Amino acid sequence: KAGVTQTPRYLIKTRGQQVTLSCSPISGHRSVSWYQQTPGQGLQFLFEYFSETQRNKGNFPGRFSGRQFSNSRSEMNVSTLELGDSALYLCASSLAGDSNEQFFGPGTRLTVL
Amino acid sequence: GDSVTQMEGPVTLSEEAFLTINCTYTATGYPSLFWYVQYPGEGLQLLLKATKADDKGSNKGFEATYRKETTSFHLEKGSVQVSDSAVYFCALFRNSGNTPLVFGKGTRLSVIA
């Protein structure tokens, strides 16, 4: 069974731009969660989607948004990029929203210049 | 709110040394506890888990016991290898309510031959 895939793996943007990251969960998984990982703050929860609905949201500004499609694939969008948005963005999927067993993708490394 | 505290790294050990990475948590109720590992350039992989008090999770020679009385879930391995060099994250999941995984800040382990 294929694992969680994230595209692109690396991305370089400039301040003020916007970016869209994509995550394809493991087949059959309906829950997708997004995390931001930085050296200073560690792993911080962004949001979780289950059956196309945002079920949970972390403490991030409204510039960070996401969505989930009917095939469970998810995208997250960051608008008006800031230097501090440089991070590794990790996506994790789980069966039926049971966060007890989350499977992580390799991440997208975003660099904002 | 819920939180996880891990010993700060980096931890540097010689091959075949004994490893302990301390993890304590604060949470209401009876959370599930996890150790995740992140190898360089990769996402997180679930290493082991325990879902109730006194459970012992184990995998690849690593072990951790859920100690409710001390709210701890310390990771141990009897003989580390160079290939164990990675960042280790302790995490909890509160089983009641739709809450995300809460991670510790991570502990970097370097094993030298």
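Residues numbered from 1 in each chain as written. Chains lettered and ligands numbered in written order. Predicted model: local features only at pLDDT ≥ 70, side-chain atom pairs only at ≥ 80, totals over all residues. Heavy atoms only, no water.

## Focus: the state of the cysteines
Residues and elements named next belong to chain A.
Part 1: According to the stated counting rule, one finds 2 disulfides over all chains in the structure shown.
Part 2: At a sulfur-sulfur separation of 1.7 Å, the disulfide partner of cysteine 23 is cysteine 91. Here the S-S torsion is close to -50°, and the disulfide linking cysteine 23 with cysteine 91 is therefore left-handed. Of this pair, cysteine 23 sits in strand β3 (residues 19-24) while cysteine 91 sits in strand β9 (residues 87-94), and the two are 68 residues apart along the sequence. The same class applies to cysteine 23 and to cysteine 91, which are both buried. (Disulfide = S-S within 2.5 Å. Helix = DSSP H or I, 4+ residues; strand = E, 2+ residues; numbered from the N terminus. Buried < 20%, exposed > 50% of the residue type's maximum accessible area, 1.4 Å probe, protein only.)

## Notes on the sheet that holds strand β1 (residues 5-7) of chain A
All names here are of chain A.
Part 1: Taken together, 4 strands build an open sheet; the order of strands is β1-β3-β8-β7 and the sheet is antiparallel. Edge positions in the open sheet fall to β1 and β7 (64-68), since each of these has one partner strand only. Strand-to-strand twist across the sheet, computed as the mean angle between neighbouring axes with direction ignored, equals 20°.
Part 2: Bridge count between β1 and β3: 3 bridges; the pairing is antiparallel. Looking across to β3, one finds that glutamine 6 is bridged to cysteine 23. (Pairing = 2+ DSSP bridges. Axes fitted to C-alpha atoms, helices over the stretch in contact; angles between N-to-C directions.)

## A few points about the interface of chain A and chain B
Part 1: The interface of chain A with chain B comprises 19 residues on the first partner and 20 residues on the second.
Part 2: Both faces combined, the contact of chain A with chain B buries some 1,500 Å², and carbon together with sulfur accounts for 51% of it.
Part 3: At the boundary of chain A with chain B, the tally comes to 1 salt bridge.
Part 4: Across the pair lysine 49 of chain B and glutamate 101 of chain A runs a salt bridge whose closest N-O atoms are separated by 2.8 Å.
Part 5: Viewed at the interface, chain B and chain A are joined by 4 residue pairs in polar contact (both at pLDDT 80 or more).
Part 6: The set of elements that each furnish at least two residues to the side of chain A that touches chain B consists of β4 (31-38), β5 (42-50), β6 (53-57) and β9 of chain A.
Part 7: Its residues assigned to classes, the side of chain A that touches chain B comprises 7 nonpolar, 8 polar and 4 charged. (Contact = heavy atoms within 4.5 Å. Buried area = accessible area lost by both parts, 1.4 Å probe. Salt bridge = Lys/Arg side-chain N within 4 Å of Asp/Glu carboxyl O. Polar contact = N/O pair within 3.5 Å; in protein donor to acceptor, adjacent residues only side chain to side chain. Nonpolar A, V, L, I, M, F, W, Y, C, P; charged D, E, K, R; others polar.)

## Re the environment of leucine 13 of chain B
Residues and elements named next belong to chain B.
Part 1: For leucine 13, the position within the fold is in strand β2 (residues 11-14).
Part 2: Leucine 13 sits in the buried class, given a relative accessible area of 17%.
Part 3: When residues no more than four places from it in sequence are discounted, the contact partners of leucine 13 are Phe18, Leu19, Val80, Leu109, Ser110, Val111 and Ile112.

## Comments concerning the environment of phenylalanine 47 of chain A
Residue and element names in this part refer to chain A.
Part 1: Here phenylalanine 47 shows up in strand β5.
Part 2: Of the residues examined, phenylalanine 47 reaches a relative accessible area of 1% and is grouped as buried.
Part 3: Considered as a pair, phenylalanine 47 and serine 94 are 47 residues apart in the sequence and their alpha carbons are 14 Å apart.
Part 4: Residue contacts for phenylalanine 47: discarding those within four places in its chain leaves Val32, Ser33, Trp34, Gln54, Asn56, Lys57, Gly58, Phe64, Ser65, Gly66 and Met76.

Taken by themselves, the reported measurements are silent on function.
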